[in-house]
Each structure stands twice: as C-alpha cells, then as structure tokens.
Amino acid sequence: PEPHTHRSRARARLSKSMHATSTHASAAPGTAAAMRARRHGVRPATTRPGCTPVRPRAHARARPAAANARSTASDAQKRIGSITRAIAEPPMSAASSSNDGETAADVDGTFTAKSTSVRPTGTIVRGGGDGEVPMDDSQRVAASRSDTPLRYDPERSAREFGKDPARVALRAAEIAATLSSFGVSVALDYQSDSIEKNAKQRARELREKLTKLGPAFVKVGQALSTRPDLLPTQYLEELSSLQDALPTFQDADAFALVEKELGRPLDSMFERISPSPIAAASLGQVYKAVTKEGKDVALKVQRPSISAGLDLDFYLIRSGAVVIDKIVTSLNTSIVELVDEFAVRVFQELDYVQEGRNAERFARLYGDRPDIVVPSIEWQYTSPRVITMEWIEGTKLSDQESLAAQGLDVLKLVDSGIQCSLRQLLEFGYFHADPHPGNLLATRDGRLAFLDFGMMSEMPESARYAIIDHVVHLVNRDYVEMANDYYALEFLDESVDVTPIVPALAEFFDDVLEATVEELNFKTITDGLGAVLYKYPFNVPGYYALILRSLTVLEGLALSTDPKFKVLAKAYPYMARRLLTDPRPELRKSFAELLFKDGQFRWNRLENLLREGRKSDDYNAAGVIPPLIELAIGEDKPGEEKNILRPLIEAETVKVLEAILLGGAMEGARSDALAPIIAALPEQFRALPPLTMGSAKQEKKLMEKRDQVLRVVELLSSSKGFDPQALQPFAEALRKPSASVFVQHVAGGLAERVAARMVNVFLLSQDAAAAKPASASSSAASATANARAASARFW
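Here the structure is a predicted model, which means the values were calculated and not measured.

A. Structural context of the sheet that holds strand E5 (residues 372–373). The strand order across the open sheet built from four strands is E5-E10-E9-E7, with neighbouring strands paired in mixed fashion. The open sheet has two edge strands, E5 and strand E7 (395–396), and neither has a second partner. As judged from the three bridges shared by strand E9 (residues 440–442) and strand E10 (residues 448–450), these two strands associate in the antiparallel manner. In the strand pairing of E10, Ala442 is matched with Leu448. Contacting E5, E9 and E10, helix H16 (residues 410–428) runs over the sheet at an angle of about 45 degrees to E10.

B. Region of the structure containing the side chain of Asp351. Structurally, Asp351 can be placed in the loop between helix H13 (335–348) and helix H14 (352–366). Note on Asp351: relative accessible area 14%, which makes it buried. Engagement of the side chain of Asp351 in a polar contact is seen with the backbone nitrogen of Val353, the distance being 3.1 Å.

C. Molecular detail of the pairing of strand E4 (residues 296–302). Burial analysis of E4 places seven of its seven residues in the buried class, the great majority of the element. Residues Asp296, Ala298, Lys300 and Gln302 of E4 are buried on one face, and the alternating residues Val297, Leu299 and Val301, pointing to the opposite face, are buried as well. Across seven bridges, the pairing between strand E3 (residues 284–291) and E4 is antiparallel. Residue pairing across strands places Ala289 opposite Val297, the latter belonging to E4. Connecting E3 to the antiparallel partner E4 that follows it, the hairpin turn spans four residues, and Gly294 within it adopts a positive phi of roughly 85 degrees. Sheet topology note: the E4/strand E6 (residues 386–390) ladder contains five bridges and is antiparallel. Each bridged residue has a counterpart across the sheet, and for Ala298 the counterpart in E6 is Met389.

D. Looking closely at empty space enclosed by the protein. In the structure shown here, the tally under the stated rule is three cavities of 30 Å³ or more. As a volume, the second largest cavity reaches approximately 80 Å³. If you trace the second largest cavity, you find 12 residues lining it, with Glu132, Arg357, Asn358, Arg361 and Arg364 closest to the centre. Take the lining of the second largest cavity: its biggest share by element is six residues, from H14.

E. Geometry of unusual backbone geometry. For Arg477, which is not a glycine, the phi torsion comes out positive at approximately 55 degrees. Secondary-structure assignment places Arg477 in the loop between helix H17 (461–475) and helix H18 (479–488). Here Glu490, not a glycine, exhibits a phi torsion of approximately 65 degrees, which is positive. Tracing the sequence through the fold places Glu490 in the loop between H18 and helix H19 (501–512).

F. Local environment of the packing of helix H23 (residues 585–595) against helix H24 (residues 603–613). Here H23 crosses H24 at 125 degrees, and the two axes come no closer than 8 Å. It follows that H23 is oblique to H24 by the angle criterion. Contacts from Phe591, Leu594 and Leu595 in H23 reach Arg605, Leu606 and Leu609 in H24. The class makeup of the residues in the contact of H23 with H24 is five nonpolar, no polar and one charged.

G. Looking closely at the pairing of E3. Most of E3 is tucked away: seven of the eight residues are buried. Where strand E1 (residues 270–273) lies against E3, three bridges are found, and the strand directions are antiparallel. Note on E3: the bridge partner recorded for Phe270 is Thr291. Joining the antiparallel neighbours strand E2 (residues 279–280) and E3 is a turn of three residues.

H. Structural detail: the side chain of Arg303. Relative to the elements of secondary structure, Arg303 occurs in the loop between E4 and helix H12 (306–327). A polar side-chain atom of Arg303 sits 2.9 Å from the main-chain carbonyl oxygen of Ser282. Non-local contacts of Arg303, meaning those with residues more than four positions away in its chain, are made with Leu246, Pro247, Thr248, Phe249, Ala280, Ala281, Ser282, Leu283 and Gly284.

I. Spotlight on the nonpolar core. Ranked by internal contacts, the top residues of the largest apolar core, which has 152 residues, are Phe314, Leu505, Phe509, Leu606, Leu609 and Leu610. The element best represented in this core is H16, accounting for nine residues. Sequence-distant contacts of Leu606, that is, excluding residues within four places in its chain, are made with Leu580, Phe591, Leu595, Phe601 and Val712. Counting 16 residues, the second largest nonpolar core, distinct from the first, contains Val258, Met269, Val301 and Val386.

J. Geometry of the packing of aromatic side chains. Taken as a whole and assessed by the stated rule, the structure comprises 15 aromatic pairs. For the ring pair Phe596 and Phe601, a centre distance of 5.2 Å and an interplane angle of 75 degrees mean the geometry is edge-to-face. When the centroid spacing of 4.7 Å and the interplanar angle of 65 degrees are considered together, the rings of Phe601 and Trp603 count as edge-to-face. Assessed through its relative accessible area of 17%, Phe601 is described here as buried. Three or more aromatic residues link up through ring pairs in this structure, and these residues are Phe362, Tyr366, Phe428, Phe450 and Phe453. Directly above the ring of Tyr352 sits Lys300, whose terminal nitrogen or CZ lies 5.2 Å from the centroid. Over the face of the ring belonging to Tyr430 we find Arg361, whose NZ or CZ atom lies 3.7 Å from the ring centre.

K. Up close: the environment of Pro149. Its place among the elements puts Pro149 in the loop between helix H5 (137–143) and helix H6 (154–162). A relative accessible area of 5% means that Pro149 is categorised as buried. Separated by 158 residues in sequence, Pro149 and Ser307 have C-alpha atoms that sit 7.8 Å apart. For Pro149, the residues in contact, after removing those within four places along its chain, are Leu350, Asp351, Pro384 and Arg385.

Criteria and thresholds
- Residues numbered from 1 in each chain as written.
- Predicted model: local features only at pLDDT ≥ 70, side-chain atom pairs only at ≥ 80, totals over all residues.
- Heavy atoms only, no water.
- Pairing = 2+ DSSP bridges.
- Helix = DSSP H or I, 4+ residues; strand = E, 2+ residues; numbered from the N terminus.
- Contact = heavy atoms within 4.5 Å.
- Axes fitted to C-alpha atoms, helices over the stretch in contact; angles between N-to-C directions.
- Buried < 20%, exposed > 50% of the residue type's maximum accessible area, 1.4 Å probe, protein only.
- Polar contact = N/O pair within 3.5 Å; in protein donor to acceptor, adjacent residues only side chain to side chain.
- 1 Å grid on protein atoms, 1.4 Å probe; cavity = no way out; pocket = protein on both sides within 12 Å on 5 of 7 lines; lining within 4 Å.
- Points joined across faces, edges and corners; volume = space filled by probe spheres on them.
- Parallel < 35°, antiparallel > 145°, perpendicular 65-115°, else oblique.
- Nonpolar A, V, L, I, M, F, W, Y, C, P; charged D, E, K, R; others polar.
- Core = buried A, V, L, I, M, F, W, Y, C linked by side-chain atoms within 4.5 Å.
- Phe/Tyr/Trp six-rings, centres within 6.5 Å; stacked < 30°, edge-to-face > 60°.
- Lys NZ or Arg CZ within 6 Å of the ring centre and 35° of its normal.

Next up, the structure:
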C-alpha cells in the first residue's frame, strides 16, 4: 500500500464518525477529534449515530503478499490496536450515558412484584433515534438541581495538571508499579510456557489490580470483558465480575450527597432507607428506600468526587497514548483518538438524568411486551448524581434454586429475554448493553425485569439489515457474499481484500451447518468465528461484541437448566417472522435471496419460514400477504431498483396454477368416488386409456408441486391472525396497471404450458401405439419427431 495509507484511513473514519455524532455526544473540546475538526473547518454534525448509512464501498484492493505477511512484531502492534479500539468503540447512543452494571434493585426476593411497567408517552419513530422524545419539564428540573457533571476536555486537564506535577507523578508511579508487576508475571509465564496453566490466576490478579486502581481502570476492564475476540475465556469470566462486585464507599458520604443534590433532608423525602448499600459498581452504589408517599424505590448515588479521579487517570492514559502514537507508526488508527472517544463515553455515564431518559426510551420501545417489566423513574428524587427509580422485587436469573422454589420457568424467562434482545438488536437498534444476571430479575408473576440503563448502545440501521443479510447468506452457504457483508457490518476496512477470508469461512461453517438449527450452540459458533476473526484484520464494532455477549449470557443461564437449550433455535422464529412480514425494501431483497436460487423458487424454504415464523409471539399471518403481493405485482417505485424477480415470479405462478388445476383434475379423475360412474359408462368409453398428464416422472413432479403449494396454503390459513379479509390487498393490487401486465403474462404462460403438456401427452400416446405391430409413413414419423423435439425443448 502507498505510504501513510493507514493514517489516511484513520482520518477518513474520524471524519465519518464526526458526521455520525449527535449534539449530545459531539467531540469534546480539546480532544484530538475536535482539534482536527477545527483545523479542517468541520462543524459538529447534528445527526444521530446510526442514521448515516454505510457508504458504498470501493472495490477491495488485493494487498501485496508482503503486506499480508505477519511478523511477530506486527501481530503485537495489531493486537494493541484491536484492544484500544475495543475499549473505545462500544457506541453508546447519543442520548445515552453509559453505566457499568450498577444494579437498581439487585436483590433476591420472594414477594409478589408490587409494580408494573409504567411506559412514558411519546411518539416512536422507526430508524435512527427510535423512541426518543424531547426532554420534558420534570427531566429539566431534575437536571437543574445541581451542576452538570464534568465533561471530558483534555486541553483543560492538561492546563490543570500541568500546575500540579507532584500529584501527576505520584499517581503515575502508583499505576506503573501496579501494572508492571502484572506484566512481569505474564512475561515469566510466557518464558516458562505456562501461559495457559496460569491464565486463571493471572486473570484474577488483573481484576484485583484494576479494582485497586479505581473507576477509570475498572471501566477499561469492563470494556475488555465483552471482547471474546481479544481475551481468553478465563480473563473474560474474571473481568465480568467487575460489573457488580466492587467495593462500596462510606454510607455517610452517600447520604450527604443525596441531600446536597436534591436540596432536602433525607427524612423529608424518605420514610426508610437501607443502612447499607445492596449493590455497588464503579460509579456508584444502590440503596433500597421508601418514599413519603409509601412507594418502594431504588436509590442510586454516585461516588463522591469521582470525576476528579477519572480526569487525572484519563490525562495519564492519554499521555501514554501520545507516546505510543509517536513510537508505533504501523497502527491503522490513532491511539489518542481512541482514548478520547472512550473517555468521552465514560464521562457521559456520570449524568444520571440521562440514564433516567434511557430507561424511559427503553420502556417506550419494548415495555409493550406483556412479559417485560421496566422500572419507572421518580424524577422528583433524581438529579445528575442521584437517580431514584421504581423498586422491582424479584430474583436473579442466576439463582436457579430460588426460581425453582417459586415455580418459575427459567427457560421461559430466558426466551423472553432472547425475543426482547432480538427486537432490540434488529428492529429498533437501541439495546441494553449490559444484561448480566444482576440486571435481569424474574418477578413473582413470571415476567422478566430489565434494570440499570446506564450502558445503552445503538446499532446503525444499515448494520441491522446487514446482519439479516448475513444470516441469509449463511443459510445459502454463500461464503463470498458473507465475506462481503463484513464491509457493511464495518468489520473490515474497505481496502481489505476478502478473497483469503472466504475459504476460512467455508471451512468453519461447512462443519457448523451440518448440524440442524436446534443443535447449534451459540457460544460454540461465536468462539469458533472469533478464532477466524483473530487471523484476519477484523475490527469488530463494539455494539456487535456487546450483543453477542448478551445472547451468550442468556444461553448460559438456560444451559444450566437444560443442557440441550439452543439460543439459535429460539431466535430463528423471530428472523423468519421479520423476513415474512417486514415490508421494507432491504428485507424484501433478503427474503427474495433466500427463496430464489438459480432462477428457481424454493417452496421448502417458504414452508420452513412459515412453520418457524408462526412460533414467534409477534407473528400475524395477515402481515405475510402484503409483502408477497408487493414482491409479485407491486409497481416499481421511482429511485428504487427494478424488480428483476418479477419474470421469475410470473413463471413460478404459471407452474403453481398448472399444478393446482391439472393435479386436481388428475386426482379427481382417479378418485374411487368416480368408480360407480365409470362402471355405468358404455364399454367404448370404459375402454379409453386413463387420464394422464405426461410421463410418470412428469406427473410425480406435478403432484409434488401441488402438494407443496397446498401445505403452504394450509400453514398460512391456519396461522394466528389469518382472516379471509387478509386477501383484500390482493384484490386491490389487481387493479394496478402492473397487475394487469402480470395477469396477461401468467394467462399466456399457462395457456402455452397446458398446450405443451397436451402435445406431450399426445406424443406419449403415439409412442405407446407405435409399440404395437404397425407401420407408419415416413412423413408421419417425421412430424411426430419434430413435435417431440419441440415439446422437449419446452420442458
């Protein structure tokens, strides 16, 4: 590649990210992104992340062999880049502050849930920014109760800490001493070839050291705990405990901060409050309280002076990143920019008012499910550093014994979580990024409660469609298109040649696809695919790693109850329903790609989709008809691609009508019910040969087609929500000009096909007659041969 290609691509990505940043999360003053924007005259964009579609990719350039060679040094440098990207990239929604797993009501209980999900009103708009509404008066009052939490500004930090070199040096020495001892231990393990043997112990040591160093380093550990493509399993499991098992701070400090933030004494707001916290995480801790109105609530309080510690630590981390950028020139992005991005997100977590808005947005999008509970926010007891929400009494999903004692079905609860997660992932794109067992409670009435809405993430709309495309290509075993999907998913830079990746995907998935959907283990697939990704220059977006982790967590909870549980088997009905009923052009294309291959319609695929789709809670058979009608006879819209499948659909419709008409006639003619009638006919009629529609092979093919179509009709008509009125759109569509053309083509094709079949039947009868001793003129034989050739060409 030409010199400085990696840097150029990094700048291109920076420019793209700035245009996809909202007013809430625009580049912080002083960050590398902001300074570069000012130099180039770029103004912060106001679009939300995820609204900007993936730009059309250039043709991937095949890199020279030398560029593909991997030396030990370059591997290490790439791993550094991958890890720093992993830390920085989890894309929190612009209107969300991130949290780290602080549990709103993280206690076990056996009492009946005292609450129901209160869903704030507001218009839901599909696409980027789904479910987001402007801040209301109660939220504005809550935000005004104290100063806005500190924002990340490296220029300000540099000025302040430049005046206090002793403090900076002391903290730097503490960090270096703590982490260097861990590095020495790992190096010794490497030399003694005991990396694997000591991995669990080293992972525990790393967790302890990160906890000791404080919130900034805990956040780094939490980010890495969601990255199975970067760290071994032992490290992932150990770092996951950073989510909700952290030291607490003094209760007196917490209560003093509540009174200061809310401007009132505790006893004027709460009847009771637990003397000690019920849970603690990196940014705060949670108490159970009862308001003066008698309502049970969870009171979350931020750690006092936490912003000052974060500010110093990120100043030091950024200083180290500056050194790395100067020394290591082969990385494909700037480490300083990645640190800046990650720090901005961590500082956004300090705003608890935003967390409350996240919860309400989540409730608007997903709280309509009868099996999902979302706590409401008590805005009169909320400020930027204190948040009070409805108390949800329940039991952790990980406490299987308590769940069993209450008669609760873990598998049903996990299925609720999977269906809600799929909706978050693929429908609206706004999802809970930290659904660990402490943030998922089972209520006494068997519903699933989501807690803690600090860490929310948003998936771009283009990526949602790309994932569905990826599933379709996987089902079709189209590994070339699967590799190309990684551009749309932004796993690969547009300059990377995917040719070497195709065989690796084929080798892995050919083995995986030998199993049925019910036999596939989600974690096995993600682990195996992670091994493939590790070998190539992939950069897995943070939202993808987070959603994989959430589904893996859910499957893990279910496997502890049922070793045969498979999350993919539960997810497939949702995918089938979306493909069958979603009218958007992007999914219509995926639907068509699944059903057609080499110009042939695959009825078995449609039959399977209907069978699986009807298992989905949200399935409605009435929603299947309109997309099928649009695909068959819908008019091409200006600016959209022409429907190139219409000729194929016309041809398949001809075959279907032929199979139904002729197959029905043939079945009726051979029915035992006609035997008495045939027996009463004169001898000359009874001596006629039976009705045929071609050779035995042709008749079998005709009847198989008829049976397939009838099975599909039966599946559709017997499904939930089907009503004869659902066919009304078909009658309306037939009035369109495009429909008349379709009908003419189908009628003409059917007439030609029936005529050709009759000719074929006639020729078969001639062959049968010729088998008897007889002579025929050469001209008659020639005519028969010509007709037979024409018939053969048609069939």
